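Topology and contacts: notes
In case you want the letters, here they are:
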Amino acid sequence: MTPLGDALRARIARTGPISIAEYMADCLMHPIHGYYATRDPFGRAGDFITAPEISQMFGELVGLALVQSWLDQGAPDHITLAELGPGRGTLMADALRATQRVPGFHAALRVHFVETSPVLRAAQATAVPDAQWHDRIDTLPDAPLFLIANEFFDALPIRQFIRDGSEWRERVIGLDGDALAFGQSEPAPLAFLAHRLSDTKDGDLIEVCPALPGIIQDIGQRISTYGGAALIIDYGDWQSQGDTLQALAGHAHADPLENPGQADLTAHVDFAAIARAASPARFTRLTTQGVFLERLGITQRAQALAHNLTDEAQEIHIAAHRRLTHPSEMGDLFKVIGIYPVTAPPPPGLDP
Ligand code: SAH
């Protein structure tokens, strides 16, 4: 057991089982022992690799898509270019480089990062020195908001509920002897899950991300009031269905209860929950990452870049293109949804 595991077991022994959300919050963001709070988890030597770390094309195309939305809305001055959970800052650095020559864009924008991990803030400062940092989204300036979130929402803590008649049991973490173990609470009728009684049956497990609605409402309000657009990219589907809590360590699946704080914990994103919270802004249809990137011209960009590469570098580049777009790799598993004002067209690559 890790030091965090010892602390969690002592706490559960004292005060009883905890929700999966409480467990995830401590494992990921505990100030001393949390996974993100203490390390840079990306890349070959780390635990997982994300789209912007696979290829520069990802950030470039996302940046150009946001520029198109900015142009569609009359190229407003004093805008916020924001990213939630920017990791190493790679996506934003690639987006800024790709949009350098767009007249007026860089003069109009200020980069704002929402990030809680001190280790990753330091990496982001190297990639994008002029950024401003926030702990939470609600301190962003009141201005047109052009926002990207890639693999941010999957890192937010979730709760799991199992249907029992017309009531719900919460899946919790308690103790089995000395070890952390999953258990279930007594059933209760939960008003905030009423909308899931129509599409689930007895025994089904669903997941809820408590922090998600507030964050999306904030984005929707800003975009509706000041203009802008948001691109939210993550793995998941329209409605959560089943247990998707997953632990990754050293690029391999791990037991989520095994080494608290030492593995990345994620859950699939419920995009219907994003759509429900976006009002008064509009949301786009859910689109797969592969289709989105193809529509933005990733194949042409890949061919242009391939010209300057030879041998192994060219092979890596071709494999990266495939990895981002192919249905059997990230292409279908990852989805994109856009949020945009009622007065503007949807971001490019996405359907209303
Ligand atoms: N977008 C990046 C990193 C994804 S990993 C990429 O694609 O490579 C998740 C990121 O979200 C990390 O930067 C992590 O530190 C950050 N994060 C996780 N929970 C957060 C929270 N509650 N508030 C702010 N940032 C958070």
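Up top is the structure these notes are about.
Structural notes, computed from the coordinates.

**Observations regarding the overall build of the protein**
When helices and strands are tallied, the protein shows 14 helices and 17 strands. For the protein, the C-alpha radius of gyration of 21 Å lies close to 20 Å, the compact-globule estimate for 352 residues. Structurally, the protein occupies a C-alpha span of about 65 × 45 × 35 Å along its principal axes. Each of the 352 residues in the protein was classed as buried or not, and the buried ones make up 54%. Within the protein, contacts between residues at least 6 apart in sequence are counted, and of these 74% link residues at least 24 apart. A total of about 15300 Å² of accessible surface is found on the protein, and carbon and sulfur atoms cover 52% of it. The distance from the centre of the 26 positive side-chain charges to the centre of the 43 negative ones in the protein is 3 Å.

**Section: the pairing of strand 8 (residues 179-184)**
As defined by bridge partners, strand 7 (residues 167-176) adjoins strand 8 across six bridges and the pair is classed as antiparallel. Bridge assignment links V172 to a residue of strand 8, and that residue is G183. Remark: two residues form the turn of the hairpin made by strand 7 and strand 8, two consecutive strands paired antiparallel; G177 in that turn has positive phi of roughly 65 degrees.

**Observations regarding the site of the ligand**
If you check the shell around the ligand, you find 18 residues, and the closest are M29, T50, G85, E115 and N150. Between the ligand and G87, the relevant distance is 3.1 Å, taken from an oxygen atom to a main-chain nitrogen or oxygen of the residue. Here the ligand loses 93% of its free accessible area of 570 Å² to cover by the protein chains. A molecule is said to occupy a pocket when more than half its atoms come within 2 Å of that pocket's grid points, and by this definition the ligand occupies the largest pocket. Of the residues belonging to the shell around the ligand, the class tally is nine nonpolar, six polar and three charged.

**Some points on the layout of surface pockets**
Looking at the largest pocket, its volume works out to about 670 Å³. Forming the boundary of the largest pocket are 39 residues, of which M29, G85, T116, F152 and L156 lie nearest the centre. Mapped by element, the contributors of at least two residues to the lining of the largest pocket are helix 2 (20-29), helix 4 (51-54), strand 2 (79-84), helix 6 (90-98), helix 9 (212-226) and strand 13 (264-266). Residues of the lining of the largest pocket, tallied by class, amount to 19 nonpolar, nine polar and eleven charged. When its volume is computed, the second largest pocket comes out at roughly 400 Å³. Surrounding the second largest pocket, 17 residues form its lining, F48, I49, Q246, L248 and F334 being those nearest its centre. If you list the elements that add at least two residues to the lining of the second largest pocket, you get strand 11 (246-249), strand 13 and helix 14 (330-333). Among the residues forming the lining of the second largest pocket, the class breakdown is seven nonpolar, four polar and six charged.

**Regarding the sheet that holds strand 13**
One open sheet holds the three strands; their spatial order is 12-11-13, and the pairing between them is antiparallel. In the strand order of this sheet, the two ends are held by strand 12 (252-254) and strand 13, each with one partner. With direction set aside, neighbouring strand axes in the sheet form an average angle of 40 degrees.

**Description of the pattern of salt bridges**
Inspection of the entire model under this criterion finds 21 salt bridges. The partner of R222 in a salt bridge is D142, with the nearest N and O atoms 3.8 Å apart. Of this pair, R222 sits in helix 9 while D142 is found in the loop between strand 4 (132-134) and strand 5 (145-150), placing the two residues 80 residues apart along the sequence. Look at R222 and you get buried, because its relative accessible area is 7%. Between D199 and R196 there is a salt bridge whose closest N-O contact spans 3.0 Å.

**Digging into the side chain of T266**
Examined against the element boundaries, T266 turns out to sit in strand 13. A distance of 2.3 Å separates a polar atom in the side chain of T266 from a polar atom in the side chain of Y235. In this structure T266 touches M24, D154, Y235, T244, L245 and Q246, once residues within four positions along its chain are discounted.

Rules used throughout
- Residues numbered from 1 in each chain as written.
- Predicted model: local features only at pLDDT ≥ 70, side-chain atom pairs only at ≥ 80, totals over all residues.
- Heavy atoms only, no water.
- Helix = DSSP H or I, 4+ residues; strand = E, 2+ residues; numbered from the N terminus.
- Rg over C-alpha atoms; globule rule 2.2 N^0.38 Å.
- Buried < 20%, exposed > 50% of the residue type's maximum accessible area, 1.4 Å probe, protein only.
- Contact = heavy atoms within 4.5 Å.
- Areas by Shrake-Rupley, 256 points an atom, 1.4 Å probe, with all protein chains shown as cover.
- Lys, Arg positive; Asp, Glu negative; His and termini not counted.
- Charge placed at Lys NZ, Arg CZ, Asp CG, Glu CD.
- Pairing = 2+ DSSP bridges.
- Near = heavy atom within 4 Å.
- Polar contact = N/O pair within 3.5 Å; in protein donor to acceptor, adjacent residues only side chain to side chain.
- 1 Å grid on protein atoms, 1.4 Å probe; cavity = no way out; pocket = protein on both sides within 12 Å on 5 of 7 lines; lining within 4 Å.
- Sits in = over half its atoms within 2 Å of the grid points.
- Nonpolar A, V, L, I, M, F, W, Y, C, P; charged D, E, K, R; others polar.
- Points joined across faces, edges and corners; volume = space filled by probe spheres on them.
- Axes fitted to C-alpha atoms, helices over the stretch in contact; angles between N-to-C directions.
- Salt bridge = Lys/Arg side-chain N within 4 Å of Asp/Glu carboxyl O.

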